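Per-entry structural report
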Amino acid sequence: MTAPAPAPAPAPQSVYVYGVVRASHAVPPGRTGVGERPAPVRTVRAGALAAVISDAPARLRAKRRDLLAHQDLALTLGRDGPVLPMRFGMVAPDEESVRRQLLCTQNDCLAALERVDGRVEMNLKALPTEADLGALVREDPEVSRLRTATRRAPGYEASVRLGEAVARGLKRRAVAAAATVLAELSAVADATVHGPEVEGCVLNASFLLDRREQRRFEGAVERLATAHRDRAELRLTGPLPCYSFTEGRV
């Protein structure tokens, strides 16, 4: 009689990675991760580091529920110590691959954790505003000329040219205001980085702040938003996990 063939070994379970912390960093009990049926969150330790993970869901989509779950966990971890947050959607083949990566990048990760310890990220976007078109007409010779020409000889093409000139003028004013805002806020922050271009925005910048400076920073943004309200609209988001200041470390 031929012996039955051994059953194949189960395929390794892929894991979803939320971030990297120091090995001593505890995960809050009872936390679950992303997906329709969120799995419990746990850690994989390697040397002085640990990765915060859960079993990866079979199907992962960037739904608001999961985006918020990912970010909320990173913020929660950050209250008890520094964390290097992963961007949403980071899936590793298995725990062993995560462990190897931690060992390979240990020095860089420890240095990055030290850098963001006690700090948060704040993001600021600046957009042109139409709050004071009268000032634009007075200050911008091209807009003033085209406005007069359109009134004398109204028509579709004249209106298009005027509209384009107004858009350019509003953008120039917003760019100038954003440069002033960026310089002042960068003096308050520990570090500043420019984010990718965002449609409709003239500035997309992130600032690394000591947690104790957050209120001061928010007050500065509020004051600058008032001072430049006729030229730019400022939109502040945060506190956020320090995504922009830890990328490329893991």
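What counts, and where the lines are drawn
Residue numbers run consecutively from 1 along every chain, following the written order of its sequence. Whole-chain, interface and lining totals are the exception, using all residues; otherwise, since this is a predicted model, local features are given only for residues with pLDDT of at least 70 and side-chain atom pairs are given and counted only at 80 or more. Excluding hydrogens and water, the side-chain values take into account all heavy atoms of the structure. We count a stretch as a helix when DSSP gives it H or I for four or more residues in a row; a strand needs E for two or more, and each element gets its number in order from the N terminus. Partly exposed residues are those whose accessible area sits between 20% and 50% of the maximum for their type, while under 20% is buried and over 50% is exposed, using a 1.4 Å probe and protein chains only. Contacts are assigned to residue pairs that have any heavy atoms within 4.5 Å of one another. Per-residue accessibility takes into account occlusion by the displayed protein chains alone, with areas from the Shrake-Rupley method and a 1.4 Å probe. Each pair of strands is called paired provided DSSP finds at least two bridges between the two strands. Angles shown run from 0 to 180 degrees and are taken between the N-to-C directions of axes, each axis being a line fitted to C-alpha atoms and, for helices, limited to the stretch in contact. What the arc covers is the set of directions going from the helix axis to the C-beta atoms. Geometry of aromatic contacts follows a simple scheme: Phe, Tyr and Trp rings, the Trp one being its six-membered ring, pair when their centres are within 6.5 Å, and the pair is stacked under 30 degrees between planes, edge-to-face over 60, tilted otherwise. One speaks of a salt bridge when a side-chain nitrogen belonging to Lys or Arg is within 4 Å of a carboxyl oxygen belonging to Asp or Glu.

Turning next to the overall build of the chain. For the chain, the count of helices and strands is seven helices and nine strands. Looking at the chain as a whole, 41% of its 250 residues qualify as buried. Looking at the chain alone, contacts between residues at least 24 apart form 76% of all its contacts between residues at least 6 apart. A total of about 14,200 Å² of accessible surface is found on the chain, and carbon and sulfur atoms cover 52% of it.

This next bit is on the sheet that holds strand 6 (residues 119-128). Note: strands within a sheet are paired through backbone hydrogen bonds, in either parallel or antiparallel orientation. Read from one edge of the open sheet, four strands run 7-8-6-9, paired in antiparallel fashion. Each having just a single partner strand, strand 7 (191-194) and strand 9 (232-240) make up the two edges of the open sheet. On average, each strand axis in the sheet is tilted by 20 degrees relative to the strand beside it, whichever way the strands run. Direction of pairing for strand 7 relative to strand 8 (residues 203-210): antiparallel, over a ladder of four bridges. Across the sheet, threonine 192 pairs through a bridge with phenylalanine 207, a residue of strand 8. Packing against the sheet, helix 7 (residues 214-227) makes contact with strand 6, strand 8 and strand 9, and its axis sits at approximately 170 degrees to strand 9.

A few words now on unusual backbone geometry. At the junction of glycine 238 and proline 239, the peptide bond is cis and its omega measures out at 5 degrees in the coordinates. Note that proline 239 resides in strand 9.

Attention now goes to helix 3 (residues 106-116). If you check which residues of helix 3 are buried, you get Gln106, Cys109, Ala112, Leu113 and Val116. Each buried residue of helix 3 lies within a common arc of 130 degrees when the element is viewed along its axis, so the set occupies one face. Opposite its buried face, helix 3 presents the exposed residues Asn107 and Glu114, each directed more than 90 degrees away. Just downstream of helix 3 lies glycine 118, where phi reads positive at about 75 degrees.

What follows covers the packing of aromatic side chains. Throughout the structure, instances matching the rule amount to three aromatic pairs. Centroid distance tyrosine 16 to tyrosine 18: 4.7 Å. Interplanar angle 55 degrees. Geometry classified as tilted. Joined through ring pairs, the aromatic side chains of Tyr16, Tyr18 and Phe88 make up one cluster.

With that settled, consider the pattern of salt bridges. Applying the stated criterion to the full structure yields 12 salt bridges. Measuring nitrogen to oxygen at the nearest pair gives 3.2 Å for the salt bridge that ties arginine 65 to aspartate 66. We classify aspartate 66 as buried; its relative accessible area is 3%. A salt bridge links glutamate 233 to arginine 235; the shortest N-O distance between them is 2.9 Å. Owing to a relative accessible area of 44%, arginine 235 belongs among the partly exposed residues under this scheme. A cluster of three or more residues bridged by salt bridges with shared partners is formed by Arg22, Glu114 and Asp117.

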